[in-house]
Amino acid sequence: ETGVTQTPRHLVMGMTNKKSLKCEQHLGHNAMYWYKQSAKKPLELMFVYSLEERVENNSVPSRFSPECPNSSHLFLHLHTLQPEDSALYLCASSLMPGNEQFFGPGTRLTVL
Amino acid sequence: GQNIDQPTEMTATEGAIVQINCTYQTSGFNGLFWYQQHAGEAPTFLSYNVLDGLEEKGRFSSFLSRSKGYSYLLLKELQMKDSASYLCAVRKYALNFGKGTSLLVTP
């Protein structure tokens, strides 16, 4: 069991659905991240939050909408996704941006 | 931007030593991380180098040369459980990861 939890662990959704991924960290960290991991591709950094403020958005399509209500929680709201968005979505946290990151177990997303 | 290169796959024998190389090109360097990721699991931290030289941690060591934009991860006394993907990540503000090296340890 790590200090970073993610729910759900698996999600199957249609292209017209709206769903949300949740991440929670119990490590007292100030930075949280969303990554996308597709087969045969490197981990892709999507968003970085530091002290609840978004500090980096790596040209992610607007159908992905992050939310960080406090330093312990991070959400990724999904709407009108495409089949190519199917991937493992990993949340991570660190004490400050750029420090050692601790990863959650990920949400395996399938878009039909 | 950042360009991080690692070999895609490597195979080594149980008990042997293997070296996984990583080269990078980046504007603004603030350290290099190595992570291990087993299939279907989240990455876990292995090592961090910010200054030139070798960092040793048990069976794993990591080396950095900032002038050459080069790092390697050295795994000694390989065990079957070391079969995993090894990710090199360069820190600028957040971490940017390479594609990872898939290591297969055979008996």
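As shown above, the structure is provided for reference.
Note that the structure is predicted; figures quoted are calculated from it, not measured.

This part is about the overall build of chain A. Within chain A one finds 0 helices and 11 strands. Compactness check: chain A gives a C-alpha radius of gyration of 13 Å against a globular reference of 13 Å for 112 residues, within 12% of the reference. Overall, chain A is about 35 × 30 × 25 Å in size when its C-alpha atoms are taken along their principal axes. For chain A, the proportion of its 112 residues judged to be buried stands at 47%. If you take every contact in chain A between residues at least 6 apart in sequence, the share linking residues at least 24 apart comes to 53%. A total of about 5200 Å² of accessible surface is found on chain A, and carbon and sulfur atoms cover 51% of it. Charge-centre separation for chain A: the mean point of 10 positive side chains lies 10 Å from the mean point of 10 negative side chains.

In this section: the side chain of Arg91(B). Mapping Arg91(B) onto the fold places it in strand S9 (residues 84–91). Buried within the structure, Arg91(B) lacks any salt-bridge partner; Glu100(A) is the closest side chain of opposite charge, at an N-O distance of 9.5 Å. There is a polar contact of 3.4 Å between the side chain of Arg91(B) and the side chain of Tyr48(B). Those residues in contact with Arg91(B) that sit more than four places away from it in its chain are Gly98(A), Asn99(A), Gly28(B), Phe29(B), Asn30(B), Gly31(B), Phe33(B) and Tyr48(B).

What follows concerns the state of the cysteines. Evaluation of the coordinates by the stated rule reveals 2 disulfides over all chains. In this model, Cys23(A) is linked to Cys91(A) through a disulfide, with the two sulfur atoms separated by 1.9 Å. Sign of the S-S torsion, about -70 degrees for the bond between Cys23(A) and Cys91(A), identifies this disulfide as left-handed. Taken together, the residues span a long stretch of sequence, with Cys23(A) in strand S3 (residues 18–25) and Cys91(A) in strand S9 (residues 87–94) at a distance of 68 residues. Overall, Cys23(A) belongs to the buried group, its relative accessible area being 0%. Take Cys91(A): its relative accessible area is 0%, and that puts it in the buried class. Paired by a disulfide, Cys22(B) and Cys88(B) hold their sulfur atoms 2.0 Å apart. Judged by the torsion about the S-S bond (-70 degrees), the Cys22(B)/Cys88(B) disulfide is left-handed. Separated by 66 residues along the polypeptide, Cys22(B) in strand S3 (residues 18–26) and Cys88(B) in strand S9 bring together distant segments of the chain. Not part of a disulfide, Cys68(A) finds its nearest cysteine sulfur in Cys91(A), a span of 9.1 Å. Judged by relative accessible area, Cys68(A) falls into the buried class, the value being 13%.

Sheet strands pair via backbone hydrogen bonds, and the direction of the pair is either parallel or antiparallel. Residues and elements named next belong to chain A. Strand order in the open sheet formed by 4 strands is S1-S3-S8-S7, with antiparallel pairing between adjacent strands. Lying at the two open borders of the sheet, with one neighbouring strand each, are strand S1 (4–7) and strand S7 (64–70). Averaged over all neighbouring strand pairs, the angle between strand axes comes to 20 degrees, with direction disregarded. Sheet topology places S7 next to strand S8 (residues 73–79); 5 bridges connect them, and they run antiparallel. Across the sheet, residue Glu67 finds its bridge partner in S8, namely Phe75.

This part covers the nonpolar core. Counting residues in hydrophobic clusters, the biggest one holds 22 residues, and the most contacted among them are Trp34(A), Phe64(A), Leu76(A) and Leu78(A). Among the elements of the structure, strand S2 (10–13), S3, strand S4 (31–37), strand S5 (44–50), S7, S8, S9 and strand S11 (107–111) of chain A are those that each provide at least two residues to this core. Leu32(B), Ala84(B), Tyr86(B) and Val90(B) belong to the second-largest nonpolar core, a separate cluster that totals 20 residues.

Glancing now at the interface of chain A and chain B. Tallying the contact residues gives 19 residues for chain A and 14 residues for chain B. Here chain A packs against chain B, burying approximately 1500 Å² in sum over the two surfaces, 59% of which is carbon and sulfur. Applying the counting criterion to the chain A and chain B interface returns 0 salt bridges. Inspection of the region where chain A meets chain B yields 2 residue pairs in polar contact (both at pLDDT 80 or more). Residue assignment for the side of chain A that touches chain B shows that the elements contributing at least two residues are S4, S5 and strand S6 (53–57) of chain A.

With that settled, consider the environment of Thr107(A). Residue and element names in this part refer to chain A. Position of Thr107 relative to the elements: it lies in strand S11. Between the C-alpha atoms of Thr107 and Ser86, which are 21 residues apart in sequence, the distance is 10 Å. Dropping the residues within four chain positions of it, Thr107 is found in contact with Gln6, Thr7, Pro8, Arg9, Leu11, Leu21, Ala87, Leu88 and Tyr89. Of note is the side chain of Thr107, whose polar atom sits 2.5 Å from the backbone oxygen of Pro8.

Basis of the calculations
Residues numbered from 1 in each chain as written. Chains lettered and ligands numbered in written order. Predicted model: local features only at pLDDT ≥ 70, side-chain atom pairs only at ≥ 80, totals over all residues. Heavy atoms only, no water. Helix = DSSP H or I, 4+ residues; strand = E, 2+ residues; numbered from the N terminus. Rg over C-alpha atoms; globule rule 2.2 N^0.38 Å. Buried < 20%, exposed > 50% of the residue type's maximum accessible area, 1.4 Å probe, protein only. Contact = heavy atoms within 4.5 Å. Areas by Shrake-Rupley, 256 points an atom, 1.4 Å probe, with all protein chains shown as cover. Lys, Arg positive; Asp, Glu negative; His and termini not counted. Charge placed at Lys NZ, Arg CZ, Asp CG, Glu CD. Salt bridge = Lys/Arg side-chain N within 4 Å of Asp/Glu carboxyl O. Polar contact = N/O pair within 3.5 Å; in protein donor to acceptor, adjacent residues only side chain to side chain. Disulfide = S-S within 2.5 Å. Pairing = 2+ DSSP bridges. Axes fitted to C-alpha atoms, helices over the stretch in contact; angles between N-to-C directions. Core = buried A, V, L, I, M, F, W, Y, C linked by side-chain atoms within 4.5 Å. Buried area = accessible area lost by both parts, 1.4 Å probe.

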